[in-house]
Amino acid sequence: MMEVIGQLGDGVLMSLQPLNLALILIGVTLGLFIGAMPGLGSVNGVAILLPITFLVPPGSAIIFLAAIYYGAMYGGAISSITLGIPGASTAVATTFDGRPLAMQGKARLALVTAAIASFIGGTVANVLFTGFAPLLASVALSFGPPEIFALMLLAFATFVGLGGDDIPKTIFSICIGLVFAAVGFDEISGAPRLIFGDISGFLHGINFLVLAIGVYGIGEMLWTIDSTRGKITSTETKMSVKGAVEDAKYGMKKSWKGTTIGSFLGFFVGILPAAGATPGSLMAYGVSKLTSKTPEEFGKGHPEGVAAPEAANNSASTGSMLPMLTLGIPGSPTTAILLGGMVIWGLTPGPRLFTDQPEFVWGLIGSFYVSNFFALVVNLSFIPLFIWVLRMPFTILAAMIFVLSVVGGYAATRDMHDVWLMLGFGVGAYFLRKLDYPLAPAVLAIVLGPIAEPTLRQSLLLSSGDPSIFFTRPIAGPITVIAIVLILLPLLKVMFTKSKGNKPKDDGETLA
Amino acid sequence: MKTTKRAFMGLLGATALAASAVSSVAHAWEPTKPIDFVIMAGAGGGADQIARFIQSVAEKGKMTPRPLIPNNKGGGSGAEALIALNNARDPDHTILVTLNSFFTTPLRQPNLGIDINTFTPVAMMGVDPFVLWVHKDRNINTFEDWQAAVKEADGEWVMGGTGKGQEDSLVTTWLEQNYDLKIKYIPYKGGGAVAKDLAGQQIMSSVNNPSEAKGFFENGDVVPLVSFSDERLPLVSEVPTVKELDKDFSYYNQRAVVGAPGMSDEAAAYYQDLFKKIYDSEEWQGYMASESLSPLWMDAAAQKEYWQTQVDRHKELLEKMGE
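Now for a description of the structure that goes with this document. Residue positions are given per chain, counting from 1 as you read along its sequence in written order. Just so you know, chain letters begin at A and ligand numbers begin at 1, following the order they were written in. For this predicted model, a pLDDT threshold of at least 70 governs which residues receive local features, and a threshold of 80 or more governs which side-chain atom pairs are given and counted, while totals over whole chains, interfaces and linings are taken from all residues. For the side-chain quantities, the full set of heavy atoms in the structure was used; hydrogens and water were omitted.

### Concerning the interface of chain B and chain A
- It only takes one pair of heavy atoms within 4.5 Å for two residues to be counted as in contact. At the interface, 45 residues of chain B touch 37 residues of chain A.
- Together, the buried faces of chain B and chain A total about 3,400 Å²; carbon and sulfur atoms form 63% of this surface.
- What counts as buried area is the accessible surface, traced by a 1.4 Å probe, that two parts surrender upon association, with contributions from both included. Of all residues in chain B, Pro-187, Lys-196 and Gln-202 of chain B give up the largest surface area on contact with chain A, accounting jointly for 17% of the area buried on that side.
- By salt bridge we mean one thing: a side-chain nitrogen of Lys or Arg within 4 Å of a carboxyl oxygen of Asp or Glu. Counting across the interface, chain B meets chain A through zero salt bridges.
- Here a strand is any run of E in DSSP of at least two residues, a helix any run of H or I of at least four, and the numbering for each starts at the N terminus. Put simply, the parts of the chain that give the side of chain B that touches chain A at least two residues each are helix 2 (46-60), strand 2 (68-72), helix 3 (79-86), strand 7 (183-187), helix 7 (191-199) and helix 8 (210-218) of chain B.
- Considering each element in turn, the side of chain B that touches chain A owes the most residues, seven residues, to helix 2 of chain B.
- A breakdown of the residues in the side of chain B that touches chain A according to their chemical character gives 16 nonpolar, 14 polar and 15 charged. We call Asp, Glu, Lys and Arg charged. Ala, Val, Leu, Ile, Met, Phe, Trp, Tyr, Cys and Pro are nonpolar, and the rest, Gly among them, are polar.

### Concerning the packing of aromatic side chains
- Two rings belonging to Phe, Tyr or Trp (six-membered ring only in the last case) form a pair when the distance between their centres is within 6.5 Å. Interplanar angles under 30 degrees mark stacking, angles over 60 mark edge-to-face geometry, and anything in between is tilted. Inspection of every chain in the model, using the stated rule, returns 33 aromatic pairs over all chains.
- With 5.8 Å between their ring centres and 75° between their planes, Trp-174 of chain B and Tyr-179 of chain B make a pair best called edge-to-face. Taken as a pair, Trp-174 of chain B and Tyr-179 of chain B share a single burial class, namely buried.
- Through a chain of ring-to-ring contacts, the aromatic side chains of Phe-143, Trp-146, Trp-174, Tyr-179, Phe-228 and Phe-249 of chain B assemble into a single cluster.
- Consider the ring centre and the ring normal. A charge sits over the ring if Lys NZ or Arg CZ is within 6 Å of that centre and within 35 degrees of that normal. The ring centre of Tyr-437 of chain A lies 5.1 Å from the NZ or CZ of Lys-169 of chain A, which sits over that ring.
- The positively charged end of Lys-276 of chain B is found above the aromatic ring belonging to Trp-297 of chain B, 4.7 Å away from the centroid. Remark: exposure states derive from per-residue accessible area (1.4 Å probe, protein chains only) relative to the maximum for the residue type, with buried under 20%, exposed over 50%, and partly exposed in between.

### Some words on the nonpolar core
Residues and elements named next belong to chain B.
- Membership of the largest hydrophobic core comes to 266 residues, with the highest contact counts inside it found for Trp-146, Phe-228, Tyr-271 and Phe-275.
- Both of domain 1 (33-128 + 252-321) and domain 2 (131-245) provide at least three residues apiece to this core.
- Setting aside its immediate chain neighbours within four residues, Phe-275 contacts Phe-37, Ile-54, Ile-95, Val-122, Ala-123, Met-125, Val-257 and Trp-297. As used in this record, nonpolar core signifies buried Ala, Val, Leu, Ile, Met, Phe, Trp, Tyr and Cys residues forming a set joined through side-chain atoms within 4.5 Å. Delimitation of the domains relies on an automatic or database domain assignment.

### Quick look at the pattern of salt bridges
Residue and element names in this part refer to chain B.
- Following the criterion strictly, the structure yields 24 salt bridges over all chains and no others.
- For Lys-196, the salt bridge identified is with Asp-197, shortest N-O distance 3.2 Å.
- When the shortest N-O distance is used, the salt bridge between Lys-214 and Glu-291 registers 3.5 Å. One end of the pair, Lys-214, is in helix 8; the other, Glu-291, is in the loop between helix 11 (282-290) and helix 12 (300-321), and 77 residues separate them in sequence. Glu-291 shares its class with Lys-214; the two are buried.

### Structural notes on the pairing of strand 6 (residues 157-161) of chain B
All names here are of chain B.
- With five of five residues buried, strand 6 lies mostly within the body of the structure.
- Where burial is concerned, the two faces of strand 6 agree: the one with Trp-157, Met-159 and Gly-161 and the one with Val-158 and Gly-160 are both buried.
- Handedness of the strand 6-helix 6 (residues 167-179)-strand 7 crossover: right-handed. Clockwise travel from the first strand over the helix to the second, with the strands pointing away from the viewer, marks a crossover as right-handed.

### So, the sheet that holds strand 6 of chain B
Residue and element names in this part refer to chain B.
- The criterion for strand pairing is that DSSP finds at least two bridges linking the strands in question. Spatially, the five strands line up as an open sheet ordered 7-6-8-5-9, and their pairing is mixed. For this open sheet the edge positions go to strand 7 and strand 9 (222-227), each flanked by a neighbour on one side alone. Within the sheet, the average angular offset between the axes of one strand and its neighbour, ignoring direction, is 30°.
- Bridge count for strand 6 against strand 7 is five bridges, and the pairing is parallel. By the bridge assignment, Trp-157 is partnered in strand 7 with Ile-183. Angles shown run from 0 to 180 degrees and are taken between the N-to-C directions of axes, each axis being a line fitted to C-alpha atoms and, for helices, limited to the stretch in contact.

### Observations concerning the packing of helix 7 (residues 145-160) of chain A against helix 8 (residues 167-182) of chain A
Residue and element names in this part refer to chain A.
- At a minimum axis distance of 10 Å, the contact between helix 7 and helix 8 shows a crossing angle of 140°. Contacts between helix 7 and helix 8 involve Phe-156, Phe-159 and Val-160 on the former and, on the latter, Ile-167, Thr-170, Ile-171, Ile-174 and Leu-178.
- Per-class residue counts for the contact of helix 7 with helix 8 are seven nonpolar, one polar and no charged.

These values are about where atoms sit, not about what they do.
Laid out in structure tokens, this is it:
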């Protein structure tokens, strides 16, 4: 352990060298804005800036890219909260409660909570990474297809098993999402599915950002115009340091549990290759709601609903570095690009990287700590600017949201087809919301569907079609059982309360 | 002495002039906007790594006035990428990094309406060999032991690969048919995921490119048994080829670049020149050596011929597979 601390110290010192420190500052600031721009996520940011890194030594190059990655994780929350458009796929869950908070004039609270939760998530992940990287790599290896499917089942279960929501409508919403997730080429057989005759735009599947921007950008905008006739200025919040400190205290008091859940769950999901930060943040949201004493407040502006996914996406982004560095397998699309970078810098990611290139590895880990700290500082200092955006009347904001949504929808795949699709989803989401359908489960399903389906089929191929494979394996078994209990829990609850004759009052409107 | 020096200077000057003349001629056409660099595989796999490496070499050497923008289209065993090229709105700015699914996918899915002969050959960058790997805890050290173990498992031997009809599955099927084996084949999204699940013992053996299994091999997690190349591979030089053992068989994955159908001759000449430069670069030569790719440069004409032989070969392999 002492050895680890010594190496980490060297790593931190390395990232505090003038060149590296400058790169970290530039990286987190750039990342913050890249993350905040809808359609531009950390993937694009890292891809665009990769060539610049050939000008500096490999150690500094990856520090720069990691700083961008970090900044983007913080930045994604900003447009989710202020405009209701997820700035990046990883920040979709942040819109569920961040946007309602902003509409209630509590944008500052949401932004401050998001920043602090991100910092805590990042810190927890860094400590776990530093202390247990090799051990965790072997955990990631022990997750085969049945384990990953069991985990996906658990994620769905957390969304079904939520008290307060209308369960049939939740299930309907999940099914819609799963159908959308099935569009495009089937990974196992290679055959195209649900392409409506021969519309080539459907061949690449429905990008989940297209759905999320449609539902939350356009749908939310229509809903706000409908319910307020445009006579709303979303926030009155003034920016003062004292107020921000109070917000920070209040936000953390309300959401320490969600932050903790997000930090650990996010990291764990992040280290599994194929998952990444987006499923991690959605699952953290679901679990926080499930374990909350006031689940009915989720989706209507609960700080915990902001803190959990934000802690999780930062934690997961550090986590997804782990399979990349130790196994040579990217845990997320962004790390796939980092991996490409490492190859050209002449480094071979894989089980031997820690022993062959300790300086590089510890320099990178050290930079995680430094980047995380500066990302917090930079983010907090820009909050007044973001709040200023919200002082505009909604009639002006709506036009901005529309433009940014169209840009974001196009940028995701560079295909006009997806812009039309995005607008269609927006209108559809507006009507579904009028009918009180929860939309978050559909978003969850389109993220997790493409992971759940192939792993289910791989598992069944492994077992020659015998579903008991999900119960008999030592890791998959318990997870599957918990998932099934969670799914059945609300049913049992309903039967129990019905037999007593007092059906719980269904509260109508949920934002998520 | 003086004259030789002057002559030498003159020669240098002339060479410089000639070089500048050549480069201005060679660039009769230049990309005027970012180049859509389509990759026939998802992010993170072998093909993706190569494409990103090529992009980096081009960026590093400032070889293109406009950047190559990697665009992963791995869906449907490469069908998505082939369709994207077929429908490219701007064929002069659309190129594709291919694998052997360039041959197999149009054969297996004739309804896609893809005729690879309409595509524009650009360059063959090398071929990637295949090796049979097994986890070290199986205590299998030779190809013969492996055959015995598979037979003993009686249909329960699990191998992973990148999908039915994909390169490694053709080799796996070849093994089944030529050694009278029964193997359970699990498709994965990419070669990287296969390597990881072999190291984690989710599957029992795999047919993987050396570049994909290298990290785990060097760490001692996986053991190479036999290679499907013409010669022994430098990375695993103690491992015999299947040719040495008993059967006349070899199989490689092509790492080639092609242009969209309908690309103008000028643009094709530009890309052919560009990828020749990349191929000759120190970085690419180093990459081929470290990732165990076999060098196999081909210009456009040779590539077209190669396509025909590969289409015929894959037709035969797929037929034998019962596809």
